[in-house]
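Residue strings, one per chain:
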Amino acid sequence: MAKSSANNPSERCDGSINSPTNSYERTSDQVRELVERARQGDEEAWEALFRRAYPKLLSYASRRLPTAEQAKDAVGETMTRAVANIDKLRGEGGGFDAWMYGIMRHVVVDAQRLQSREGPGLIPDAADASPLPGERVVARDDAIEVRQAFDRLSAADQELLELRVVAELSADEVASVLGRRPGAVRMAQSRALTRLRGLLDDVGEGRESA
């Protein structure tokens, strides 16, 4: 398996992720407008925000909770808390997306604690169809190898890459969610990508020698 990712448009050699700035700014403006309308009780704005956030929030929850039903419930609880606390959202920090993922992390932790009290966890059956971060970041043809490599990353590396690549949060937004500095997030991302590339090479070599 080739180690070079020079032709991959989603990853640069320093481990950072390219993004169309103008498109991102337009999207941010649209989200801010929707949030302001939601503050005023605009149900259509909330529906638009919910539809925008739902797939990625569900993907995040699905990788951390035992069943599809629990993952869906977690997303529903996240939206319920968001509606109830929208007035607490301020302009500082990572913005609406980071705020939502911050709520989701608390909801997931609550669900995991409840599960641990009720009995041993189950193997998640909510393996959603959205690509794993590695499938986008490394752009390999063999998605099985990517999934195997990604699953061998630490939980911290997996979460960081999910937030950064799947959720498409900026480094500042991820920093807000994780309670870290943006510079530390960028460094951790670069290291996680390096480890992922190494694991991909290991998986590929293992399959070739089998």
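Owing to the predicted nature of the structure, the values given are computational and were not obtained by experimental measurement.

Definitions and limits used
- Think of each chain on its own: its residues are numbered from 1, step by step along the sequence as written.
- For a predicted model such as this one, the threshold for reporting local features is a pLDDT of at least 70, and the threshold for listing and counting side-chain atom pairs is 80 or more; totals across whole chains, interfaces and linings nevertheless cover every residue.
- Calculation of side-chain values draws on the structure's entire complement of heavy atoms; hydrogens and water are dropped beforehand.
- Each helix is a run of H or I in the DSSP string that is no shorter than four residues. Each strand is a run of E no shorter than two, and both are numbered from the N terminus.
- Only protein chains enter the accessibility calculation, which uses a 1.4 Å probe; a residue is then buried when its area is under 20% of its type maximum, exposed when over 50%, and partly exposed in between.
- Note on definitions: a residue-residue contact is assigned when non-hydrogen atoms from the two residues lie within 4.5 Å.
- Computed by Shrake-Rupley with a 1.4 Å probe, the accessible areas treat only the displayed protein chains as cover when residues are assessed.
- Note on method: axes are straight lines fitted to C-alpha atoms, helices fitted across the in-contact stretch only, with angles between N-to-C directions ranging 0 to 180 degrees.
- Working rule for angles: under 35 degrees goes down as roughly parallel, over 145 as roughly antiparallel, 65 to 115 as roughly perpendicular, anything else as oblique.
- Each crossing is labelled by how the near helix is turned from the far one, with a counterclockwise turn of less than a right angle marking it left-handed and a clockwise turn marking it right-handed.
- Any residue outside Ala, Val, Leu, Ile, Met, Phe, Trp, Tyr, Cys, Pro, Asp, Glu, Lys and Arg is labelled polar, Gly included; the first ten of those are nonpolar and the last four are charged.
- Side-chain rings of Phe, Tyr and Trp, where Trp is taken by its six-membered ring, are said to pair if the distance between their centres is within 6.5 Å; with planes under 30 degrees apart they count as stacked, over 60 as edge-to-face, and otherwise as tilted.
- Multiplying 1.5 Å by the helix residue count minus one yields the expected span of that helix.
- Pairs of N or O atoms within 3.5 Å make up the polar contacts considered here, provided that, within protein, one atom can donate a hydrogen while the other can accept it, and that residues adjacent in sequence are counted only when both atoms are side-chain atoms.

Caption draft 1: Structural view of the overall build of the protein chain. In terms of regular secondary structure, the protein chain is built from 9 helices and 0 strands. Starting at the N terminus, the α and β elements of the protein chain follow one another as α-α-α-α-α-α-α-α-α. In the protein chain, buried positions account for 43% of the 210 residues. Taking contacts inside the protein chain between residues at least 6 apart in sequence as the whole, the part at least 24 apart equals 69%. Carbon and sulfur atoms make up 50% of the accessible area of the protein chain, which totals about 11,800 Å².

Caption draft 2: Spatial organisation of the packing of helix α2 (residues 43-62) against helix α3 (residues 68-85). For the pair α2 and α3, the least separation of the axes is 9 Å and the interaxial angle reads 140°. Taken together, the axis directions place α2 and α3 in an arrangement best described as oblique. The interaxial crossing formed by α2 with α3 has right-handed handedness. When α2 is examined against α3, the residues Trp46, Phe50, Tyr54, Leu57, Leu58, Ala61 and Ser62 are found in contact with a partner set consisting of Ala71, Lys72, Ala74, Val75, Thr78, Met79, Ala82 and Val83. Considering only residue class, the contact of α2 with α3 consists of 12 nonpolar, 2 polar and 1 charged.

Caption draft 3: A look at the packing of aromatic side chains. Scanning all chains against the criterion turns up 3 aromatic pairs. Taking the centre distance of 5.3 Å and the plane angle of 50° together, the rings of phenylalanine 50 and tyrosine 54 count as tilted. Separated by 4 residues within a single helix, phenylalanine 50 and tyrosine 54 lie in helix α2, roughly one turn from each other.

Caption draft 4: Spatial organisation of helix α7 (residues 155-166). Counting buried residues along α7, 10 of its 12 residues qualify, which places the element largely inside the surrounding structure. All buried positions along α7 are accounted for by Asp157, Gln158, Glu159, Leu160, Leu161, Glu162, Leu163, Arg164, Val165 and Val166. Taken from the residues just after α7, glutamate 168 is the one with a positive phi, measuring 60°.

Caption draft 5: Structural context of α2. The terminal C-alpha atoms of α2, which comprises 20 residues, lie 27 Å apart, in line with the 28 Å expected from a rise of 1.5 Å per residue. Among the residues of α2, Ala45, Trp46, Leu49, Ala53, Leu57, Leu58, Ser59, Tyr60, Ala61 and Ser62 are the ones counted as buried. Among the residues of α2, the N-terminal cap falls to aspartate 42, whose side-chain oxygen and the backbone nitrogen of glutamate 44 are separated by 2.9 Å.

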